[in-house]
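Examining the three-dimensional arrangement
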Amino acid sequence: MSSRGRVGLLVNPTAGRGDGRAAGTRVLQTLRSLGHDVTDLSGPDLPHVSRTARERTAEFEALVVVGGDGLVHAGVEAVAGTGTPLGIVPAGTGNDIARGLDLTLGDPVAAAESVARALHAGSHRRVDAVRVEHAGGTGWFASILAAGVDALINERANAWRWPKGPARYTLAALRELAVVRGLPVRVTLDGVAHELDSLLVAVANTRCYGGGILMAPDADPTDGLLDVVVVDRLSPVAALQLFPRARRGRHLGLPEVSVHRARRVVLEPLDAEVRPRPYADGEPLGGAPVTCEVVPGALTVLA
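Notes on the structure follow. (Residues numbered from 1 in each chain as written. Predicted model: local features only at pLDDT ≥ 70, side-chain atom pairs only at ≥ 80, totals over all residues. Heavy atoms only, no water.)

Notes on the overall build of the protein
When you go through the protein residue by residue, the secondary structure sums to eight helices and 15 strands. Here the protein holds 303 residues, and 53% of them are scored as buried. Long-range pairs, those at least 24 residues apart, make up 72% of the contacts in the protein between residues at least 6 apart in sequence. Surface summary for the protein: the accessible area is close to 12,700 Å², and the carbon and sulfur share equals 49%. (Helix = DSSP H or I, 4+ residues; strand = E, 2+ residues; numbered from the N terminus. Buried < 20%, exposed > 50% of the residue type's maximum accessible area, 1.4 Å probe, protein only. Contact = heavy atoms within 4.5 Å. Areas by Shrake-Rupley, 256 points an atom, 1.4 Å probe, with all protein chains shown as cover.)

Encoded structure:
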């Protein structure tokens, strides 16, 4: 049964070296041709767009996002737990949320048409999302929370303007891993606490981050569980050797790597001098401690 109604649209025209603009135009034209009343909620910057999406989502029958992980994260924050469907047109350079949800990559215009058809037909699926509490407040994420050296890598990559795309994350990783030190942390999994001296702790709802790094290759966003990947403290040389294996998802067999599954995860740094700011979906959160709780079926995705 087809569905016509009010649709909110978020577009990052600069995403994917300009692919976002073409895809956004195609989404707008296609949805309007199908009889939908489309309101463009795009704004001058990500904070503005995020705020507008949260404030106005209740006005719409669906929210469609055209861009990279930052804008998709804003969409997730706006609709998770509300039942409002989210249409994702991946048009960035990383696209890890879309990749983890098995959405089509590489052709934003075709993806835009696919989302329009799904919206018109009322076709969607429900996946898990993660409710997160941190020093800065509460929110949601869909892919992976980074809380160790991976968070430091993310922060450094965000600070650089060159190179574009996943290569920037790779270079930032090489820089941080070359000087890495242990990150003492208390990890509490469904009420059971473990004190660890770690390189990183990744709390994963989906498989990848950092432009396709398969940190949690077995993570399933429909199983009601989080995959918590722990990498023990490593020397810089060993950490640099682990990185290419992690990109291909071939690190899980290493003795320094363990995977745990839980519904609720609490991360508390134990060293006041080493407290990397956590990142979720590639976006910075407030400081630790951080509590992550999976909410089964909290995100409705047009597909």
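That shown, we press on.
Observations regarding empty space enclosed by the protein
In total, this model carries two cavities of 30 Å³ or more according to the counting rule given. Of the volumes computed, that of the largest cavity is approximately 150 Å³. Considering the residues around the largest cavity, the lining is formed by 15 residues, among which A147, G148, V185, P269 and P276 are closest to the centre. Elements represented by at least two residues in the lining of the largest cavity include exactly β8 (183-189), β9 (192-204) and β12 (264-269). Considering only residue class, the lining of the largest cavity consists of 13 nonpolar, two polar and no charged. (1 Å grid on protein atoms, 1.4 Å probe; cavity = no way out; pocket = protein on both sides within 12 Å on 5 of 7 lines; lining within 4 Å. Points joined across faces, edges and corners; volume = space filled by probe spheres on them. Nonpolar A, V, L, I, M, F, W, Y, C, P; charged D, E, K, R; others polar.)

Overview of the environment of H36
Relative to the helices and strands, H36 resides in the loop between α1 (15-33) and β2 (37-40). Within the local environment of H36, its side chain forms a polar contact with the backbone nitrogen of G5, the two atoms lying 3.3 Å apart. (Polar contact = N/O pair within 3.5 Å; in protein donor to acceptor, adjacent residues only side chain to side chain.)

A look at the packing of helix α7 (residues 166-177) against helix α8 (residues 236-247)
For the pair α7 and α8, the least separation of the axes is 9 Å and the interaxial angle reads 155 degrees. The orientation of α7 relative to α8 falls into the category roughly antiparallel. You can see that α7 and α8 cross each other, and the crossing is right-handed. Of the residues in α8, those touching α7 at T170, A173, L174 and L177 are P236, A239, L240, F243 and R247. Partitioned by chemical class, the residues of the contact of α7 with α8 number seven nonpolar, one polar and one charged. (Axes fitted to C-alpha atoms, helices over the stretch in contact; angles between N-to-C directions. Parallel < 35°, antiparallel > 145°, perpendicular 65-115°, else oblique. Left-handed = near helix turned anticlockwise from the far one by under 90°.)

Quick notes on a nonpolar patch on the surface
A grouping of W162, L171 and L174 is seen on the molecular surface, where their side chains present a nonpolar patch of about 340 Å² in accessible area. Within the secondary structure layout, L171 lies in helix α7. (Patch = residues over 30% accessible without salt bridge, like charges linked within 9 Å, V, L, I, M, F, W, Y side chains within 5 Å. Salt bridge = Lys/Arg side-chain N within 4 Å of Asp/Glu carboxyl O.)

Topic: unusual backbone geometry
Backbone torsion omega between A288 and P289 reads 5 degrees, so that peptide bond is classified as cis. Tracing the sequence through the fold places P289 in the loop between β14 (283-284) and β15 (290-302). Notably, D102 is not glycine yet its phi reads approximately 60 degrees, a positive angle. You can see D102 is positioned in the loop between α4 (96-100) and α5 (108-121). Since its relative accessible area comes to 59%, D102 is described here as exposed. Residue D190 is not a glycine yet carries a positive backbone phi of 50 degrees. One can find D190 in the loop between β8 and β9.

Some details on the layout of surface pockets
The rolling of a water-molecule-sized probe over the atoms marks out the regions of remaining empty space. In this model, the second largest pocket occupies a volume close to 340 Å³. In this structure, the second largest pocket is lined by 16 residues; those nearest its centre are S50, R54, H73, E77 and P284. Breaking the lining of the second largest pocket down by element, the ones donating at least two residues are α2 (46-56), α3 (69-79), β5 (124-134), β6 (137-141) and β14. Residues of the lining of the second largest pocket, tallied by class, amount to six nonpolar, six polar and four charged.

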